[in-house]
Amino acid sequence: MKKIVFIFLISVLSLPLMAAVGIKGTIVDADDQSPLDYVNIALFKQGSKTLVTGITTDNNGVFTIPAVANGKYNLRISYVGYSTINQVVEVAGKPINLGIIKITEDSKKLGEVEVVGQNSQMRFGIDKKVFSVDQNIAAAGGSASDVLKNIPSVTVDNEGNVSLRKDGNVEVWINGKASGLTADNRAQVLQQMPAESIESVEIMTNPSAKFSPEGSAGIINIVMKEQHKAGYYGSVSGGLTAPDNGKLGQNLGASINYSSSKFDAYINLGYRAMSFNGGGKTDRRNWTENDITSLNQSNTMNTSFSGLFMRAGIDYHLDKKNTMGLSGFGMAGTGNQSTNTQYLLTDITTSPTSVLRDYSQINTGHGTRPSLNLNMDYKHDFDKKGSNIIGSVSYSNHNRGGDNNYLQKNSAGTPTSNISQSTDSKNTEWDIKVDYTDKISESSKLETGWESTISNRTSSTSGIDNMTSVPSDIPSYYDNFNYDEQIHAGYLTYGNKIDKFSYQLGLRGELLTKKSTNTSKIGDTNVDTIQGIPSKNFFHIFPSFYLSYSLPNDAELQFNYSNRVNRPRGQQINPFKNFSDSTNISYGNPNLKPQYSSSVELNYVKNWNAQSLSTSLYYHNTDDGIQNVRFLHNGVMESTYANVTKSQSAGLELISKNRLFKILSLTSSFNLYYSKLDSSKYVNPYDNSIKIPIAGQSNVSWSANILANFMLSKTFSGQITGEYDSRQIIAQGTQDPKYSLDLGVRQTFLNRDLSVSLNVRDLLNSDRTKTTTSGSGFSQYSSSYFHGRMFGISVSYNFGNMKPKMSEMKKKEAAPDAMDNGEQ
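Conventions adopted
- Residues numbered from 1 in each chain as written.
- Predicted model: local features only at pLDDT ≥ 70, side-chain atom pairs only at ≥ 80, totals over all residues.
- Heavy atoms only, no water.
- Salt bridge = Lys/Arg side-chain N within 4 Å of Asp/Glu carboxyl O.
- Helix = DSSP H or I, 4+ residues; strand = E, 2+ residues; numbered from the N terminus.
- Buried < 20%, exposed > 50% of the residue type's maximum accessible area, 1.4 Å probe, protein only.
- Phe/Tyr/Trp six-rings, centres within 6.5 Å; stacked < 30°, edge-to-face > 60°.
- Pairing = 2+ DSSP bridges.
- Axes fitted to C-alpha atoms, helices over the stretch in contact; angles between N-to-C directions.
- Core = buried A, V, L, I, M, F, W, Y, C linked by side-chain atoms within 4.5 Å.
- Contact = heavy atoms within 4.5 Å.
- pLDDT = per-residue confidence, 0-100.

Q: Would you take a moment to explain the pattern of salt bridges for this structure?
A: Opposite charge on two side chains makes pairing possible when the charged atoms of those side chains draw close. Tallied over the full model, the rule gives 16 salt bridges. A salt bridge links Glu 653 to Arg 165, with the shortest nitrogen-to-oxygen separation between them at 2.9 Å. Here Glu 653 is found in strand S33 (residues 636–660), whereas its partner Arg 165 is found in the loop between strand S11 (162–164) and strand S12 (170–174), with 488 residues between them in sequence. Neither Glu 653 nor Arg 165 differs from the other in exposure class; each is buried. Between Asp 767 and Lys 738 there is a salt bridge; the shortest N-O distance is 3.5 Å. With Asp 767 in the loop between strand S42 (754–761) and strand S43 (769–775) and Lys 738 in strand S41 (residues 738–749), this residue pair connects regions lying 29 residues apart in the sequence. On the accessibility criterion, Asp 767 (15% relative accessible area) is buried. Taken together, the shared-partner salt bridges connect Glu 214, Glu 451, Glu 485, Arg 508, Glu 510, Arg 567 and Arg 569 into one network.

Below, the structure is given as structure tokens:
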């Protein structure tokens, strides 16, 4: 690892520097003065047809060519459907600001244009990577979870848990807001969200102080599709999905967008119904001073769900400086799960091996998961430079309810236990935020703001014994957990650009207040006992900084730092014991402390005419790391959470975009990880005098992802996505390598208004999770899969009196196809 870091630093720092200045400007529509994003900016040496550099404008219509040597140039501004502009620019040692450049629509060109390219798969800002997914063929007819699986450095496991650079402590946002998504509910929300409604995915591994510091790994922001071109535009879609050994699934979708000088409005509807067959097995060895036992488990599982997902929003432009907006999303649906598990417990110290217990358990469940998120926004623009104030109020309510039955039978098939359990959980959150931006000059910007988040989470559980003559309550299955939390935060950031050097400094202070109560039954009685954590206050300062230096020949060097936190919530702190698997009992720890992480990252970004490369070196240091720990208690495996260790990780991330042979574009990523968990001890929950040791571990692992898009004709395209993860360490063990391959093709008709997509997800039927763990008195090997290979077909039709968002067309036609390196 040290050699890799040394070679990278020497390579970057030895790049030749040359005297150069920047060229900057803003492109707007000549009619309505609206900024135009993804306009092609190409710079040529005067009298030459050789391209010096090429970029595209950002969301504000701004472009910045960071380093140009002295001389005369021809600047060409082109945009599909607009007249091309050629402008002579002379560089003479001083930065050039071309100001606002107005371009006019060319109705003839707009009618004749024929787009045959594909979207640029990624672009870069100063604090984020943006991956375009609106043309993702392999995920057509799928969910947001399927989209995230194809994003470099993002992993989604069989249960829908999301991780970034192998760290599960990541925040997932929707349109720049947390939207009430938590580790307990986001898997269900992402599973129900249609892939077709997503425009792009933003990855922020080191977010600035402006953003919440939650999630030590960073933030994944899902940007939903919207249209803002005058007129109306809509689409309808439908599809079928056939998983191996599962039932046929369906998906339906419809959307309509309307935009005028006063209103922007949209509504999207999506329905999904799926059924998967999965399974797994576990082999565990338990040993004491006197004997060694073996527990073999094998299970089959069927999971099905159906539900409706809806998004809607409206923006009202009061005048040129004031806009009000109301938006939200909601989902309603049901899910069913059935698991049949076979257990065999044997004593392997005897000869022949003696069977201690042979039985089975059938778990069946039915659940509901309604969710609602509402946002109200107000924006006032002070000037055209970018100074503004934005206020927002958000409300979210995510509920989960379910009824489960646990039936155990002996080897003869006779029921020995029959328990019914009901659960109901609610997560309510209010978020109030004000952001102020002062664009002091063309190169400097001040941002400050306040955010208050007030949330309440409740969870209630009860159980009934159906084996008695009269069904009776089971005290140990009763739980009523209530958690209240408030976070009040203020932030300040300042950014400036001096010649080729840019910087942004930030500071965020957060005050956390929390308390919880847990009502349970004493022993086998029905007497309530109330436990909990009294109100506690935590104050912490979260600094961040970003440094950027523009290098010659369209390259940039970035260095950034942030401090982040992972606060335990939900199941992690609820002490209620889950007995759904009598051989593996799990519960939370209300005494968990937050884990704080510091992250440092060095990035090098380089653009060529048809190639782009991003190289990142990163280092994370985490204190009081929260880990899931396992131990044997009276011969039964139990698991809970504890602040057990300090962890460190470092890595090298390479992301490249290549356009080959005009018909093929590749987005590839490679991650090399080094991770280390220090040795530690945790206290046995049943006896504070016993400290259970955890051996320290270190490991080097790697992963690779490649997404290939190809255009075989103007109407036929395809996509192949492959992913590989090497062996890696987890708490108390390791996870085996895993790999997957997805592919899809798309044919368009009727001037591309009608499209038909075919895809196969997990083509090799290889997406399996296999782990090996060990601890005091046990060793265990487990393997599981959620579903197998899936075949899908999806049909969509676009309609309206306008074409899809112009930026989408521009992105496809981008001549230089270069990354957007962002700006202050």
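Q: Help me understand the packing of aromatic side chains in this model?
A: The geometry of two aromatic rings is summed up by the distance between their centres and the angle between their planes. Applying the stated criterion to the full structure yields 15 aromatic pairs. Centroid distance Tyr 494 to Tyr 503: 6.1 Å. Interplanar angle 55 degrees. Geometry classified as tilted. Residue Tyr 494 is classed as partly exposed on the basis of its relative accessible area, which comes to 29%. Judged by centre distance (4.9 Å) and plane angle (35 degrees), the ring pair of Trp 702 and Tyr 724 falls under tilted. Separated by 22 residues along the polypeptide, Trp 702 in strand S37 (residues 697–711) and Tyr 724 in strand S38 (residues 716–725) bring together distant segments of the chain. Among the residues examined, Tyr 724 registers a relative accessible area of 28% and is labelled partly exposed.

Q: Help me understand the sheet that holds strand S2 (residues 40–45) in this model?
A: Hydrogen bonding along the main chain pairs the strands of a sheet, whether they run parallel or antiparallel. Taking strand neighbours across the sheet as the criterion, the four strands line up as S3-S2-S5-S6 in an open arrangement whose pairing is antiparallel. What marks the edges here is a single partner per strand, and that holds for strand S3 (51–56) and strand S6 (85–91). Taken over all neighbouring pairs, the strand axes of this sheet differ in orientation by 20 degrees on average, direction set aside. Relative to S3, S2 runs antiparallel, the two being bridged by five bridges. For Phe 44, the partnering residue across the bridge sits in S3 and is Leu 51.

Q: Looking at this model, I keep getting lost on the nonpolar core. Mind explaining?
A: Generally speaking, nonpolar side chains in soluble globular proteins are found buried as a group. Counting 30 residues, the largest nonpolar core has Val 162, Met 193, Ile 198 and Val 201 as the members making the most contacts within it. Sorting the residues of this core by element identifies helix H3 (144–149), strand S10 (154–156), S11, S12, helix H4 (186–192), strand S13 (198–204), strand S14 (218–224) and strand S19 (322–347) as the ones contributing at least two each. Those residues within four positions of Val 162 in sequence are excluded, and the remaining contacts are Leu 148, Val 154, Thr 155, Val 156, Gly 168, Val 170, Val 172, Arg 186, Leu 190 and Ile 220.

Q: Honestly, the confidence of the model for the protein in this entry has me stumped. Any pointers?
A: Should the pLDDT be low somewhere, the predicted coordinates at that spot are not to be read in detail. Residue-level pLDDT values for the protein average 82, and 89% of them are 70 or greater. Across the protein, the secondary-structure element scoring lowest on mean pLDDT is helix H5 (residues 806–813), at 38, and the one scoring highest is strand S21 (residues 371–381), at 94. Here residues 107–120 is modelled with pLDDT under 50, and outside its nearest four sequence neighbours on either side it reaches 38 contacts, counting other chains as well.

Q: Explain the pairing of strand S44 (residues 778–785) to me, please; I cannot follow it from the model alone.
A: Sheet faces and side chains relate simply in a regular strand, where the side chains alternate between the two faces. In terms of strand pairing, strand S17 (residues 263–287) meets S44 through eight bridges, oriented antiparallel. Paired with Arg 285 across the bridge in S44 is Ser 779. Where S43 and S44 come together, seven bridges link them in antiparallel fashion. The partner of Thr 772 across the bridge, within S44, is Tyr 781.

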